[in-house]
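Analysis of the macromolecular model
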Amino acid sequence: MAGHSQFKNIMHRKGAQDAKRAKQFAKVIREITVATREGMPDPAMNPRLRAAISAAREVNMPKDTVERAIKKASGAGGGDDYVEVRYEGYGPAGVAVIVEGLTDNRNRTASDVRAAFSKHGGSLGETNSVSFMFQRLGVITYPLDVATEDEMLEAGIEAGADNVETTAEGHEITCAVESFFAVRDALETRFGEPASARLDWRPDTVVTLDEEKASSVLKLIDVLEENDDVQSVYANFDLPDDVAEKLSA
């Protein structure tokens, strides 16, 4: 999603990298915890856990940290119980926002998310109030050097993917949610571990923002992503290159 990826790039300019890394680790550990309890502690037998471990590698989480998280989650009385939550609403300029989280206290998380929307010019809506404007997809990416465009297209078709797009940034394979783990595993068998593999919300249409509106939307998303209970934030906005440059200056 254009808006979200640009937002991520802009946020990379921020300091306090150690704190940011710790927060990333905490979010991944929550996903590992839920994935382990939902299935088995063996990644080979638990597709969601394999995806969580892949996410841990993306943020350079040490292997022993991953193993401790799995061990803790699979043990008797293994720590906090997290449930999956999703919130939907509108931010400034009518931007549609989806917030996904893992929480051990629904009331706290709902209150925090509602307050963030209200404080930053948005409004929290009901479930499915904006998700109809997005597509839920499995997204798998590989660097360019693992295969040619034709090789990746052929492999994607054989694996059951819906689309394969190759750009200067790499190969992106998208598929239905129901096919995600099967497609990922088929591609991993052929090309090795992907650069990333996740479920994503992709907007059908986007709102193009000027500098003032973009600043307001990014503040809301920043606050939401700072919340420990929030795993991912998606929004249907786009930033023109000149606006993105000004905001990242």
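The structure presented is a predicted model; accordingly, all values stated were derived computationally and were not measured.

Parameters at a glance
- Position numbers for residues start from 1 in each chain and track the written sequence from start to end.
- The predicted nature of this model means local features are confined to residues of pLDDT at least 70 and side-chain atom pairs, given and counted, to a pLDDT of 80 or more, with totals for whole chains, interfaces and linings taken over all residues.
- Working from all heavy atoms in the structure, the side-chain values ignore hydrogens and water.
- Note on method: axes are straight lines fitted to C-alpha atoms, helices fitted across the in-contact stretch only, with angles between N-to-C directions ranging 0 to 180 degrees.
- What counts as a helix is a DSSP run of H or I of at least four residues, what counts as a strand is a run of E of at least two, and both are numbered from the N terminus.
- The cut-offs work like this: below 35 degrees is roughly parallel, past 145 is roughly antiparallel, 65 to 115 is roughly perpendicular, and the gaps in between are oblique.
- Should the near helix be turned anticlockwise from the far one by less than a right angle, the crossing is termed left-handed; should it be turned clockwise, right-handed.
- Contact between two residues is taken to exist if any of their heavy atoms lie within 4.5 Å; hydrogens are not considered.
- All amino acids are sorted into three groups, where Ala, Val, Leu, Ile, Met, Phe, Trp, Tyr, Cys and Pro are nonpolar, Asp, Glu, Lys and Arg are charged, and the leftover types, Gly among them, are polar.
- Identification of polar contacts relies on pairs of N or O atoms within 3.5 Å, with a donor-acceptor requirement for protein atoms, meaning one able to donate a hydrogen and the other able to accept it, and with residues adjacent in sequence counted only if both atoms are side-chain atoms.
- Working definition of a nonpolar core: buried Ala, Val, Leu, Ile, Met, Phe, Trp, Tyr and Cys residues. They are joined through side-chain atoms within 4.5 Å.
- With a 1.4 Å probe rolled over the protein chains alone, any residue whose accessible area is under 20% of its type maximum counts as buried; one over 50% counts as exposed, and the rest are partly exposed.
- Aromatic pairs are defined between Phe, Tyr and Trp rings, using the six-membered ring for Trp, whenever the two ring centres lie within 6.5 Å; interplanar angles under 30 degrees are classed as stacked, those over 60 as edge-to-face, and all others as tilted.
- UniProt positions are given in the numbering used here, feature names are shortened, and annotations may be inferred rather than shown by experiment.
- Any two strands between which DSSP finds at least two bridges are classified as paired.
- Patch membership requires more than 30% relative accessible area and the absence of a salt bridge. Residues of like charge join within 9 Å; the nonpolar side chains Val, Leu, Ile, Met, Phe, Trp and Tyr join within 5 Å.
- Per-residue accessibility takes into account occlusion by the displayed protein chains alone, with areas from the Shrake-Rupley method and a 1.4 Å probe.
- A pair is scored as a salt bridge if a Lys or Arg side-chain nitrogen falls within 4 Å of a carboxyl oxygen belonging to Asp or Glu.
- Think of it this way: Lys and Arg go in the positive column, Asp and Glu in the negative one, and His and the chain ends go nowhere.
- Each charge is placed at NZ for Lys, CZ for Arg, CG for Asp and CD for Glu.

The next point concerns the packing of helix α6 (residues 149–159) against helix α7 (residues 180–191). Taken N-terminus to C-terminus, the directions of α6 and α7 make an angle of 140 degrees; their axes are 9 Å apart at the nearest point. Our classification of the angle between α6 and α7 gives oblique. In the packing of α6 onto α7, the handedness of the crossing is right-handed. Residues Glu151, Met152, Glu154, Ala155, Gly156, Glu158 and Ala159 of α6 touch α7, and the partners they reach there are Val183, Ala186, Leu187, Arg190 and Phe191. Taken together, the residues that form the contact of α6 with α7 break down as seven nonpolar, one polar and four charged.

A word on the environment of threonine 189. Looking at the secondary structure, you find threonine 189 in helix α7. A distance of 2.9 Å separates a polar atom in the side chain of threonine 189 from the backbone oxygen of aspartate 185.

Here we come to the nonpolar core. Of all hydrophobic cores here, the largest spans 24 residues; its most connected members are Val97, Leu224, Phe237 and Leu239. Among the elements of the structure, β1 (83–90), β2 (96–103), α5 (106–119), α8 (211–226), β9 (230–235) and α9 (241–248) are those that each provide at least two residues to this core. Of all the elements, α8 adds the most residues to this core, at six residues. Filtering out sequence-adjacent residues up to four positions away, valine 97 remains in contact with Tyr87, Glu88, Gly89, Gly91, Phe117, Val130, Leu220, Leu224, Val233, Tyr234 and Ala235. Ranked by size, the runner-up nonpolar core spans 15 residues in total, among them Ile140, Ile173, Phe191 and Ala197.

Further remarks concern the packing of aromatic side chains. All told, the structure shown has two aromatic pairs when counted by the stated rule. Taken together, a centroid distance of 5.8 Å and an interplanar angle of 65 degrees make the contact between tyrosine 142 and phenylalanine 191 edge-to-face. On the criterion of sequence distance, the pair formed by tyrosine 142 in strand β4 (residues 134–142) and phenylalanine 191 in helix α7 is long-range, its members being 49 residues apart. Neither tyrosine 142 nor phenylalanine 191 differs from the other in exposure class; each is buried. Aromatic side chains phenylalanine 180 and phenylalanine 181 sit 5.1 Å apart centroid to centroid with 55 degrees between the ring planes, which places their arrangement in the tilted category.

Turning next to the UniProt feature "domain: TACO1/YebC-like second and third" (unreviewed entry) in the protein chain. Taking the numbering used here, the UniProt-annotated feature "domain: TACO1/YebC-like second and third" (unreviewed entry) corresponds to residues 82–237. Structurally, residues 82–237 is divided into 34% helix and 35% strand, and its ends, taken at the C-alpha atoms, are 30 Å apart.

The next thing to look at is the sheet that holds β2. The strands that make up a sheet are held in pairs by hydrogen bonds between backbone atoms, and each pair lies either parallel or antiparallel. Spatially, the four strands line up as an open sheet ordered β3-β1-β2-β9, and their pairing is antiparallel. Strands at the two margins of the open sheet, each flanked by one partner only, are β3 (123–124) and β9.

Let's shift gears to a negative patch on the surface. A cluster of acidic residues, Glu149, Asp150, Glu151 and Glu154, forms a negative patch at the surface. Note on placement: glutamate 149 falls in helix α6.

With phi around 65 degrees, alanine 93 is a residue other than glycine that occupies positive phi space. Note that alanine 93 resides in the loop between β1 and β2. What makes alanine 93 partly exposed here is its relative accessible area of 40%. Positive phi outside glycine occurs at asparagine 128, with the angle close to 75 degrees. Its location among the elements puts asparagine 128 in the loop between β3 and β4. The exposure class assigned to asparagine 128 is partly exposed, which follows from its relative accessible area of 48%.

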